[in-house]
Amino acid sequence: MIATSFDRKIIAEIGSVHDGSFGNALKLIELAAKCGADIVKFQTHIAEAETLPNAPMPPYFKGEPRLEYFKRTAFSIEQWEQIVQCCSENKVQFLSSPFSLEAVDLLEKVNVSCYKVASGEVSNTPLLKKITQTGKPVLLSSGMSNWQELGRAITALSDCQEIMIMQCTSAYPCPPTRVGLNIISEMTNHYKLPVGFSDHTTDCAAAFAAAALGAVCIEKHLTFSKAMYGSDAANAMEPEEFTTFCRGIKSIWKMLDNPVNKDDLSPYLDMKKVFEKSIVTTKALGKGDCIQEKDLSYKKPGDGIAAWRYNEVLSKKLRHAVPANHQLSFDDFE
C-alpha cells in the first residue's frame, strides 16, 4: 500500500458548523487543535457557481433554501486567507472540499495544500480533473458512490500526487447497520490505495473499529454544541467527546504500530516469579524417598521448578531429607 501524508491523521470536520460566522470559524480551528485533531476541514461554497435557485434542501436540514444558505455562510478570499493562517498558527493542516470549479480557483489562491472531494462531487468529473491539474494530495469520499463510480473518479484523479479513499455513509446520523466496516478492507484490496473513514455516527464506536480494521485517517464533525443552528451541528461531536475520540483513535494506532511478539517473555520475567507456581512438598520427606504425585503441591513464587514440569519430578529419589512446604530444586534429587 502507498503511504500518504494523511496517514495516522484525525480530521476535525468543521464544514458549515460556523454558520457563516468568521469568528466562530477561527475559534473552531483553535478548538480542533486543542482537542487533538491533526487536520481541520472546511467546505468552500460559492453559491451561484454550484447551486440553482430551486435546488432542494437535504432531508436532515430544512432551515433555509440552499442557495441562500450558501450565500449567507460563505467567506471572502481575505477571510479564507486568515483561516489558513489560523490553521498554521494552531499547528493543524488546512483542508477544504470545493463544490465548484471556481471554489478550486479560490482555494489555489490561498495556497491550500490538499483537497477533499465530497461525496456528492465524486461524479463531477470536470471538478476532479481541475483538482488533478493542481497535482495536490486528495481525499476521495465515497458516501454516495458504487464501485463503478469510484473507479471512474480514481481514474480521473490518477495524476494526483496522493489519493486516499474514505469509506463514508451519507446518512446523518449514520445508523450502525449502514457503517460498512467491511468496505475498508474491500477498498484496500480493490484499489491498493490507503483507506480512511469519514464517520457520521453519533459516538466513537465506528471510528474506533475502523481504526482497528486498517483505516489510516479518520474524519469526524466537530461543534461547540449540538444545539447550534445549521446542517452539521446536530450530528457533530462536542469538545469533550471529540477529545476522547482523538485520544482513543491515536491509542489504537499506537497499538497497531507496535506489534507484540508472543514468544518474547522478557517483559514478564519478574511477573512470572510473582504469579506463577513452583513445585513444593506437601509433607516432610526423608532421604531416599521416591517422589509421588501426592507428595507435591504447587505454590507461589514461581522461581523454583515450574509446575508444568511436575512429571520430571515424579519417581525421583531425594538425596536428603526435606521439610513440608519445601520448594524443590533439581539439586534435591540423586
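Residues numbered from 1 in each chain as written. Predicted model: local features only at pLDDT ≥ 70, side-chain atom pairs only at ≥ 80, totals over all residues. Heavy atoms only, no water.

Engineer: So what exactly am I meant to see when it comes to the side chain of Glu13 here?
Structural biologist: Here Glu13 lies in strand β1 (residues 9-15). Residue Glu13 is classed as buried on the basis of its relative accessible area, which comes to 5%. Not counting residues up to four positions away in its chain, the partners in contact with Glu13 are Lys41, Phe42, Gln43, Glu219, Lys220, His221 and Leu222. (Helix = DSSP H or I, 4+ residues; strand = E, 2+ residues; numbered from the N terminus. Buried < 20%, exposed > 50% of the residue type's maximum accessible area, 1.4 Å probe, protein only. Contact = heavy atoms within 4.5 Å.)

Engineer: Would you explain the packing of aromatic side chains in this entry?
Structural biologist: In this description, an aromatic ring pair is defined by two values, namely the gap between the centres and the angle between the planes. Within this structure, the stated rule accounts for nine aromatic pairs. Considering the side-chain rings of Tyr69 and Phe70, the 5.8 Å spacing of their centres and the 55° angle between planes classify their relative orientation as tilted. Exposure remark for Tyr69: the relative accessible area of 1% places this residue in the buried category. Taken together through their ring pairs, the aromatic side chains of Phe22, Phe42, Phe75, Trp80 and Phe94 make up a single cluster. (Phe/Tyr/Trp six-rings, centres within 6.5 Å; stacked < 30°, edge-to-face > 60°.)

Engineer: Can you help me understand the layout of surface pockets in this one?
Structural biologist: Over the atoms, a rolled probe matching the size of one water molecule traces out where space is still vacant. In this model, the largest pocket occupies a volume close to 750 Å³. Tyr60, Arg66, Phe99, Gly120 and Met144 are, among the 34 residues lining the largest pocket, the residues nearest its centre. Taken together, the elements giving at least two residues each to the lining of the largest pocket come down to β2 (39-44), α3 (66-73) and β8 (217-221). Per-element tally for the lining of the largest pocket: the top contributor is α3, with three residues. (1 Å grid on protein atoms, 1.4 Å probe; cavity = no way out; pocket = protein on both sides within 12 Å on 5 of 7 lines; lining within 4 Å. Points joined across faces, edges and corners; volume = space filled by probe spheres on them.)

Engineer: Explanation requested: unusual backbone geometry in the structure shown.
Structural biologist: Trans peptide bonds make up the majority, and among non-glycine residues the majority have a negative phi. Cis geometry is adopted by the peptide bond preceding Pro173, which originates at Tyr172 and carries an omega value of 0°. Summarising the element assignment, Pro173 is placed in the loop between β6 (163-168) and α8 (182-191). With an omega of 5°, the peptide bond running from Lys300 to Pro301 counts as cis. Tracing the chain through its elements places Pro301 in the loop between β10 (296-299) and α12 (310-313). Its identity is not glycine, yet Asp19 carries a phi of approximately 55°, on the positive side.

Engineer: What is the right way to read the nonpolar core from this model?
Structural biologist: It is characteristic of soluble globular proteins that their nonpolar side chains tend to be buried jointly. In terms of nonpolar packing, the biggest core is built from 67 residues, with Ile29, Phe42, Ile83, Phe94, Ile218, Phe242 and Phe245 touching the most fellow members. The element that contributes the greatest number of residues to this core is helix α1 (residues 22-35), accounting for seven residues. Dropping the residues within four chain positions of it, Phe245 is found in contact with Ile10, Asp199, Cys204, Ala207, Phe208, Ile218, Lys220 and Met237. (Core = buried A, V, L, I, M, F, W, Y, C linked by side-chain atoms within 4.5 Å.)

Engineer: I would appreciate a short explanation of helix α7 (residues 147-156) in the present structure.
Structural biologist: Along an α-helix, residues three or four apart share an orientation, since each turn contains 3.6 residues. Listed as buried for α7 are Leu150, Ala153, Ile154 and Ala156. Angularly, the buried residues of α7 cover 160° about the axis, an arc narrow enough to put them on a single face. The outward face of α7, more than 90 degrees from its buried face, is lined by the exposed residues Gln148 and Thr155. Of the surrounding secondary structure, the elements contacted by the buried residues of α7 are α6 (125-134), β5 (138-141), β6 and α8. Measuring from the side-chain oxygen of the N-cap residue of α7 to the backbone nitrogen of Gln148 gives 3.2 Å; that N-cap residue is Asn146. (Arc of directions from axis to C-beta. Polar contact = N/O pair within 3.5 Å; in protein donor to acceptor, adjacent residues only side chain to side chain.)

Function-wise, these values are silent; they only describe arrangement.
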